[in-house]
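Structural characterization, general
Read off the chains here:
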Amino acid sequence: MTTGRWQLAHGRHLDLGGKAVIVGILNVTPDSFSDGGLFVAPEQAIAQARRMVEEGASVIDVGGESTRPGAFPVAIEEEQARVLPVIKAVAGLGEALISVDTYREDTARLAVAAGAHILNDVWGLQREPGIARVAAETGAGLVIMHTGRDRQKLPDVIEDQFFFLGKSLEIARRSGVADDQIVLDPGFGFAKETAEENLDLMTRFSELDVLGFPLMAGTSRKRFIGAVTGRDASARDAGTAATSVILRLKGARLFRVHDVAINVDALAVADAMLARETAA
C-alpha cells in the first residue's frame, strides 16, 4: 500500500498508508446513538481522550451534535459551547491530533483557533461550503464525507459516491484546498438504509481508489453491524473490528471508532499481513 502525507493545521502532518490510523470518537453530546451523555462534562471528555490516546488513537474526533438518524440539530452556540472547551483542553495535553466533527463554517474556524488540526464534515461541504474556505485559509486537514441524506440517491452505491464526492471535491478545489489536505469518507450508515447497501459498499470499497485520495472508514457500531450480528449498539465493537480488517485489506487508511483498543489489535494483524504480502 502506497504511503502519503496528510497536511494538517498548525504545521502538523500525518503519514498514511504503512500503518492503519485510528481516529477515536469523542461525542460531547447527550444523545449520540451509542455513547450519548457519557462524556458531556469536560473532565469526562478529557479523561476519555487521554484513554484513547493511551490505547493507540492518533486522532481524537470531537463532536458536539449527534449525527444519528432522526437527531435534532443544535444551535451553533450550543455546539461551540460543547466542543471548544474540550478541544482547548485536549490540545493542552499535546498528545494527539484533534479533529472537529462539524459542518458549520464558524465552528470550524473557532475550533482550529482552539487547537484543532482537522475538519470532519459529514455533509461533504454541501451544507456550508464555507468550511472549505476555513481549511484553505488555516491549512487544516479536511475529511469530506459522503451522505445520501436530504436528496435522491443514484441506485448504484458506487456511482452515487462518485456523483456526490465529485461535487464536494469541486467545492474544495474552488476554495483553494490542496489535494494533500483531503481525506474521503464514504459515509457508512448515512442514508444507506439497509444492511445490504452498506455491505455492498464494503464489498466494492476498493473501487473508490480511482478518486485518488486516502479513505477513512466509519463503520463503528453502525446499525448494519447490528443487523448482521444481532447485537445492540453498545455490543458491536467486535463486529466493528471485523469491518475494520476487511476495509483495511480493501485500502482504507483511517478508521473512526468508539473502541480504540479492539480495533488497534485487529488492524495490527491486518497490517502485518499486508506487510508480508509486500515483502513477498
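Residues numbered from 1 in each chain as written. Predicted model: local features only at pLDDT ≥ 70, side-chain atom pairs only at ≥ 80, totals over all residues. Heavy atoms only, no water.

Named according to an unreviewed UniProt entry, the protein chain is Dihydropteroate synthase originating from Mesorhizobium muleiense. According to UniProt, the comment filed for the protein chain under the heading Catalytic activity (unreviewed entry) is "(7,8-dihydropterin-6-yl)methyl diphosphate + 4-aminobenzoate = 7,8-dihydropteroate + diphosphate". The record in UniProt for the protein chain states the following under Cofactor (unreviewed entry): "Mg(2+)". (UniProt positions renumbered as here; feature names shortened; annotations may be inferred.)

**What about the environment of Ile46?**
Following the sequence through the fold, Ile46 ends up in helix H1 (residues 42–55). Expressed as a C-alpha distance, the spacing of Ile46 and Pro85, which sit 39 residues apart in the sequence, is 9.8 Å. Ignoring sequence-local partners within four residues, the contact set of Ile46 consists of Ala89 and Leu93. (Helix = DSSP H or I, 4+ residues; strand = E, 2+ residues; numbered from the N terminus. Contact = heavy atoms within 4.5 Å.)

**Examining the environment of Thr29**
Mapped onto the secondary structure, Thr29 falls in the loop between strand E3 (21–27) and H1. The exposure class assigned to Thr29 is buried, which follows from its relative accessible area of 0%. (Buried < 20%, exposed > 50% of the residue type's maximum accessible area, 1.4 Å probe, protein only.)

**Notes on the nonpolar core**
In this structure, Ile60, Val62, Ile87, Leu119, Ile144 and Phe255 are the most contacted members of the largest nonpolar core, which totals 61 residues. No other element matches helix H5 (residues 157–174), which puts seven residues into this core. Leaving out residues up to four positions away in the same chain, Ile144 has contacts with Asp121, Gly124, Leu125, Leu165, Ser168, Leu169, Ala172, Ile182, Val183, Leu184 and Asp185. (Core = buried A, V, L, I, M, F, W, Y, C linked by side-chain atoms within 4.5 Å.)

**A closer look at helix H3 (residues 105–114)**
Along H3, the positions that sit buried rather than exposed are Glu105, Thr107, Ala108, Ala111, Val112 and Ala114. Along its buried surface, H3 packs onto helix H2 (76–93), strand E5 (97–101), strand E6 (118–121) and helix H4 (130–138). Of the residues trailing H3, Gly115 is marked for its positive phi of about 130 degrees.

**Looking at the confidence of the model for the protein chain**
Looking at the protein chain, the pLDDT average stands at 92 and 94% of residues meet or exceed 70. Between residues 31–37, whose pLDDT stays under 50, and residues either more than four places distant or in other chains, the model counts 22 contacts. (pLDDT = per-residue confidence, 0-100.)

**Notes on the side chain of Gln161**
By the element assignment, Gln161 lies in helix H5. Accessibility expressed as a relative area gives 0% for Gln161, which makes it buried. Other than its neighbours up to four places away in sequence, Gln161 contacts His146, Gly166, Pro186, Lys192, Leu201 and Leu208.

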